[in-house]
Amino acid sequence: MGEKGGAIRLFFSLLRFCNNIKETTMSTNLVSKTGLALVLSLSAGAALADEVTAWRLFVSDREQPKVTVVDAVKGEALETFEIKSPASLYRSVNGRSVFAVQGDAGTVTAIASGISFDDHGDHGDIDVEAPKLTGAEIVGQKPSHFVEHDGEFAAFFDGEGVARIISEKAALEGKSDFREVKTAAPQHGVAVAYGSHVVLSEPNKEKPDELPIGIRTVDEAGTQVGDIAECPDLHGEASSGNILAFACASGLLVLTDGDDAPEIRHLAYDASLPDGKSTTLIGGRGLQYFLGNYGSDKVVLIDPTAESNAFRLIELPTRRVHFAVDSIRPKFAYVFTEDGQLHQLDVVAGKIANSLKLTDPYSMEGHWNDPRPRIAVAGDKIVVTDPLQAKLHLVNAASFAKAGEIAVEGKPYNIVAVGGSGQVHDSENKEAHSHDHGDDRVYKGYFEDDQVKDRTLSDWAGDWQSVYSYLQDGTLDPVMAHKAESGEQTADEYKAHYEIGYKTDVERITIDGDVVTFFQNGTPLKARYASDGYEILSYEKGNRGVRFIFKKTDGDADAPEFIQFSDHKIAPERADHYHLYWGDDRAALLEELTNWPTYYPSSLSAKQIVEEMMAH
């Protein structure tokens, strides 16, 4: 089929991706409004605006132990964080956190970006605060690969052969709470938290200094599931949509969701390719593909859904230095080459669309970690570090022309960008903002039977955090005080009431299609659920509520047989928060009225949850 066939496959990959993409990537969804957004200062005055765009660049130094935060809209430094050694940087998918992996210091440091989003369906709100070190750190010998999957982060420590896995919620709360999964030996390895399983690289036991030879899947107890999947010289992994891939000397291992564990297939390199392999992968966003290196002067576009002709090589004019994908304009990716040029790749056509001279040459001779440019995408700008000239180059993504420079002290090296667009409401209008749950009488529990309609799990799809820890640590004290101002109890009495109501050891829940994953003290339990109708309950005060009930059809034995949602809504509508009841006895659950674990979107900061609660 050649180039035309590859373009057709990528077009249909876009359609598949749009059907599978998670709803939690708020920053990407919101960025589509950038062209309409009023770009405003991030000062206190911006809080009065209807729409703002905020982008921050997190830049590590090649020689100094620091991370500089740059306001990409204003073009000025906001903050510099001292860390323990020069770092590689990784941002979370939702942009709320950035992690500095410091190999020389044996430390992974969590940073709150200060930018978060709240999805209200017809629009999104943006919350902008000062970035800060959260206080959460993971320590160990030689941290290397750092991978996020479904909101969990796995840091692999080569010197121990151990993966330490932490949730974003814990990292943002400054808690170094992680679970640990061990491999057979120290190795330059990788781990991925994959639902209720963990996928781990398998070391080369005969030659432990060489790259891993495959991947092993283990369950929550650490027990191996299935056979080791062969992947000689494993190095490089990425996700694109609902597909996870590992790069091997022989091709790619492609992982998708299975009934009981990830399904793994081998995608072999095409026979037509020259000798070589990929050792770095990046997953496409908006289009389902992978971009990898292949030799020193080529990159390869990979269609993970193809049975044949899945690899398309793109020749570069000189050796490759760095490459990145564009999550905002899915058709494009970017490659920087040692001659100082930035190239725009058209991933559908499979060719270089534009090239722009940005810097003096950066030779690839010398050490692999010598200071060389890196690429990030921040809204309508592509940003390239220039460590030897102590600056960042800005390129207009639409015209692919130079758009300015930002000076950064030292040798700015690794870079990630965080941001997007959204609405900001002043304090007077916040309560009037559309947090009103539609009909206020329905919200308070007064409705007719014929108003109640069946609902599907999609109303609660997403990534959700328990609010119980916020009650325990005092974050919700202002909410209790607010209730006491107009209620019949003191703030302490309200807190005692909610201590019983919110109490749970399930700190996080994800809902994707019919799959619900419960994270209990960091350990995931996963099961599939189908609708089992609803029940209307009458309360002593004269009002009523509706429990929407789902029954387990398959999954982990310890996952509950029934789950019941209550969210003050009585017909199909996306939930903004909910109370969840679970257990193995459907009727007994309907009698439970005192303990109602409560969940808000994981994308919300503690401050935003407080604001939401006080607005209700």
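Structure first, text after, so check above.
Every chain is numbered independently, its residues counted from 1 as its sequence is written. Predicted model: local features are reported for residues with pLDDT of at least 70 only, side-chain atom pairs are reported and counted for 80 or more only, and whole-chain, interface and lining totals are derived from all residues. For the side-chain quantities, the full set of heavy atoms in the structure was used; hydrogens and water were omitted.

In this analysis an axis means a line fitted to C-alpha atoms, helices contributing only their contacting stretch, and an angle means the value between N-to-C directions, from 0 to 180 degrees. For helices the rule is a DSSP run of H or I covering at least 4 residues; for strands it is a run of E covering at least 2, with both sets numbered from the N terminus onward. Interhelical geometry of helix α7 (residues 477-486) versus helix α8 (residues 491-502) gives an angle of 120 degrees and a closest axis separation of 8 Å. Classified by the angle their axes make, α7 and α8 are oblique. Crossing hand, α7 versus α8: right-handed. Between α7 and α8, the residues in contact are Asp477, Met480, Ala481, Lys483 and Ala484 and Ala491, Tyr494, Lys495 and Tyr498, respectively. Under this grouping Gly is polar, as are all residues other than the nonpolar Ala, Val, Leu, Ile, Met, Phe, Trp, Tyr, Cys and Pro and the charged Asp, Glu, Lys and Arg. Here the residues of the contact of α7 with α8 sort into six nonpolar, no polar and three charged. Roughly parallel means an angle under 35 degrees; roughly antiparallel means over 145; roughly perpendicular covers 65 to 115; every other angle is labelled oblique. Note on convention: near helix rotated counterclockwise from far helix by under a right angle means a left-handed crossing. Clockwise means right-handed. Only heavy atoms enter the contact rule, under which two residues are in contact if any of them lie within 4.5 Å.

This paragraph deals with the environment of Ala481. Among the secondary structure elements, Ala481 is positioned in helix α7. Ala481 sits in the partly exposed class, given a relative accessible area of 34%. Measuring from C-alpha to C-alpha, the distance between Ala481 and Asp492 comes to 8.3 Å, with 11 residues separating the pair along the chain. Burial classification: accessible surface area is computed with a 1.4 Å probe over protein chains only, and a residue below 20% of its type maximum counts as buried, one above 50% as exposed, and the rest as partly exposed.

Once that is clear, we can look at the sheet that holds strand β34 (residues 412-422). Two strands make a pair as long as DSSP finds a minimum of two bridges between them. The strand order β3-β2-β1-β34 describes an open sheet built from four strands, whose pairing is antiparallel. Across the chains shown, the open sheet's two edge strands, defined by having one partner strand only, are β3 (76-82) and β34. The sheet shows a mean angle of 20 degrees between the axes of neighbouring strands, taken without regard to direction. Pairing analysis gives five bridges linking strand β1 (residues 52-61) to strand β2 (residues 66-71), with the strands arranged antiparallel. What sits directly across from Phe58, in β2, is Val69.

Moving on, we come to the state of the cysteines. The disulfide criterion is simple: two cysteine sulfur atoms within 2.5 Å. On inspection of all chains with the given rule, the structure shows one disulfide. Shown here is the disulfide that connects Cys231 with Cys248, its sulfur atoms set 1.8 Å apart. Measuring handedness by torsion sign, the sulfur bridge of Cys231 and Cys248 sits at about -100 degrees and is left-handed. Taken together, the positions of Cys231 in the loop between β17 (229-230) and β18 (237-240) and Cys248 in strand β19 (residues 243-248) put the pair 17 residues apart, joining distant regions of the chain. In this structure, Cys231 and Cys248 share a single accessibility class: buried.

The buried count for strand β20 (residues 251-256) comes to five of six residues, which makes it a mostly enclosed element. Pairing of β19 with β20, which is carried by five bridges, proceeds in the antiparallel orientation. The partner of Cys248 across the bridge, within β20, is Gly251. Hairpin remark: β19 followed by β20, antiparallel, with two residues in the connecting loop. Pairing of β20 with strand β21 (residues 263-268), which is carried by six bridges, proceeds in the antiparallel orientation. When the sheet's bridge partners are listed, Thr256 is paired in β21 with Glu263. Between β20 and the antiparallel strand that follows it, β21, lie six residues.

Just geometry here; none of it tells us what the structure is for.
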